[in-house]
Amino acid sequence: KILVIGACGQIGVELTLALRKMYGGNNVVASDLREEHELLKGTGPYVSLDVMNKEMLHVLVIRHNITQVYLLAAILSATGEKNPLLAWHINMQSLLNVLDIAKEEGLDKIYWPSSIAVFGPNSPKETTPQHTIIEPTTIYGISKFAGERWCEYYHHRYGTDVRSLRYPGLISYKSAPGGGTTDYAVEIYHEALDEGHYKCFLSENTYLPMMYMPDAIRATIELMEADSARITVRSAYNLSGMSFSPKEIAGAIQQHIPAFTVSYEPDYRQDIANSWPQSIDDGEAAKDWGWQPQYDLPKMTEDMLKNLKEQKGMQ
Ligand code: VAH
């Protein structure tokens, strides 16, 4: 059975629904600190869980016959800079709890997301390679890089089958993003429909690696379904979908909503965005397990606006 930790988050909701579709609702136990997300209700078992409570987690793994864990609980980049020690503690201890229980119980597979946030200002900005200078300047990035090192360590030392992806910024409409620097790319679609105007917290030419959630969910499942022998990266695979700037996503929205306007008022998150790459080389993922994105900016924009209009009860 699969346990999803952080099942009510931006990735968690969609990953839980996708896993339940593949393996059957009752074979995927969803858990989070928060109460059950609307979209999860009635689709399978839900338990309240604080991943920082190792004993509680261990009991839950045994009681529910868990053989795989997807750990999605984390403090993201923008929130992390407001409380660095808490972000470090939560992002690291949650992973160490899961890795140690995986070793003790001999769990089959573990999934834990990393991020392009592991790269820092000294990493190449364009088509950033899998192996390069990695000097993250946010606590979130530092915790993700350290987490990658722990994943590789548990694999090589104890044989734990833990797999990871360096997600770009993720865009989705089913569940709200959780305090990241790339959240502007979700907010902008909502504001375009709700207000017709968006005040963007990044400057107009801030290029960042991004991905539509359907691609991210498919990448996660394709990675986890791949034969273990094909996995040559046990830290975290670079993963690429598309890159765009606030100006470009605004332009894509204006194709559908011509009157939409955007103003740019960069805040503390600009420094975080400036430290990250503009595009990612995910050649290893393509080579090892056949990764290919399917969504570009126009296709994502059409799908986002269509679904958000429905969600908001617009015509
Ligand atoms: C964040 N959405 O902004 C996350 C992600 C690459 C960005 O890690 O913190």
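Analysis parameters
Residues numbered from 1 in each chain as written. Predicted model: local features only at pLDDT ≥ 70, side-chain atom pairs only at ≥ 80, totals over all residues. Heavy atoms only, no water. Helix = DSSP H or I, 4+ residues; strand = E, 2+ residues; numbered from the N terminus. Contact = heavy atoms within 4.5 Å. UniProt positions renumbered as here; feature names shortened; annotations may be inferred. Near = heavy atom within 4 Å. Polar contact = N/O pair within 3.5 Å; in protein donor to acceptor, adjacent residues only side chain to side chain. Areas by Shrake-Rupley, 256 points an atom, 1.4 Å probe, with all protein chains shown as cover. Pairing = 2+ DSSP bridges. Axes fitted to C-alpha atoms, helices over the stretch in contact; angles between N-to-C directions. Patch = residues over 30% accessible without salt bridge, like charges linked within 9 Å, V, L, I, M, F, W, Y side chains within 5 Å. Salt bridge = Lys/Arg side-chain N within 4 Å of Asp/Glu carboxyl O. Buried < 20%, exposed > 50% of the residue type's maximum accessible area, 1.4 Å probe, protein only. Core = buried A, V, L, I, M, F, W, Y, C linked by side-chain atoms within 4.5 Å. Parallel < 35°, antiparallel > 145°, perpendicular 65-115°, else oblique. Left-handed = near helix turned anticlockwise from the far one by under 90°. Nonpolar A, V, L, I, M, F, W, Y, C, P; charged D, E, K, R; others polar.

Caption draft 1: Region of the structure containing the environment of Glu191. By secondary structure assignment, the location of Glu191 is in helix 6 (residues 184-194). Along the sequence, Glu191 and Thr261 sit 70 residues apart, while their C-alpha atoms lie 9.9 Å from each other. Setting aside chain neighbours within four positions, we find Glu191 in contact with Gly196, His197 and Tyr198.

Caption draft 2: Structural view of the UniProt feature "domain: NAD-dependent epimerase/dehydratase" (unreviewed entry) in the protein chain. Here, UniProt's "domain: NAD-dependent epimerase/dehydratase" (unreviewed entry) annotation points to residues 2-227. In residues 2-227, the share of helix is 42% and the share of strand is 17%. The end C-alpha atoms are 18 Å apart.

Caption draft 3: The site of the ligand, seen in detail. Every residue lining the ligand is accounted for by Leu76, Ser77, Ser115, Ile116, Tyr140, Tyr167, Pro168, Gly169, Gly180, Thr181, Thr182 and Trp276. Between the ligand and the protein, one listed contact pairs an oxygen atom with a side-chain N or O atom of Tyr140 at 2.7 Å. The separation between a nitrogen atom of the ligand and a polar side-chain atom of Thr182 is 3.0 Å. When the free accessible area of the ligand is taken as 270 Å², the share hidden by the protein chains comes to 95%.

Caption draft 4: Focus on the sheet that holds strand 11 (residues 208-212). Ordered by their spatial adjacency, 3 strands build an open sheet running 9-11-13, and the pairing between neighbours is mixed. The sheet is open, and its two edges are formed by strand 9 (169-171) and strand 13 (242-244), each paired on a single side. On average, adjacent strands in this sheet sit at an angle of 45° to one another, irrespective of strand direction. Of the strand pairs in this sheet, strand 9 and strand 11 are connected by 3 bridges, and their pairing is parallel. Paired with Ile171 across the strands is Tyr212, a residue of strand 11.

Caption draft 5: Summary view of a nonpolar patch on the surface. A cluster of nonpolar residues, Trp150, Tyr153 and Tyr158, forms a patch on the protein surface that exposes about 290 Å² of accessible area. Examined against the element boundaries, Trp150 turns out to sit in helix 5 (residues 139-158). Looking at Trp150, the relative accessible area reads 35%, which means it is partly exposed.

Caption draft 6: Spotlight on the nonpolar core. Ranked by internal contacts, the top residues of the largest apolar core, which has 40 residues, are Ile171, Tyr184, Tyr189, Phe244, Ile249 and Met300. Those elements that provide at least two residues to this core are helix 6, strand 10 (197-200), strand 11, strand 13, helix 8 (246-254), helix 9 (269-274) and helix 11 (297-311). Among the elements that take part in this core, helix 6 stands out by supplying 7 residues, more than any other. Beyond its immediate stretch of four places on either side in the chain, Tyr184 contacts Tyr198, Cys200, Phe201, Leu202, Met210, Phe244, Ser245, Pro246 and Ile249.

Caption draft 7: Representation of the packing of helix 2 (residues 54-63) against helix 4 (residues 84-105) within the structure. Contact geometry of helix 2 with helix 4 gives a least axis separation of 10 Å together with a crossing angle of 40°. Taken together, the axes of helix 2 and helix 4 are oblique relative to one another. Classified by chirality, the crossing of helix 4 by helix 2 is right-handed. For the pair helix 2 and helix 4, contact is made by Lys54, Leu57, His58, Val61 and Ile62 and by Asn97, Val98, Asp100, Ile101, Glu104 and Glu105, respectively. Of the residues that constitute the contact of helix 2 with helix 4, the class distribution is 5 nonpolar, 2 polar and 4 charged.

Caption draft 8: Structural context of unusual backbone geometry. One non-glycine residue, Asn65, lies in the positive phi region at around 50°. Along the chain, Asn65 falls in the loop between helix 2 and strand 4 (68-71). For Thr127, which is not glycine, the phi dihedral falls at a positive 35°. For Thr127, the location among the structural elements is in the loop between strand 6 (114-115) and helix 5.

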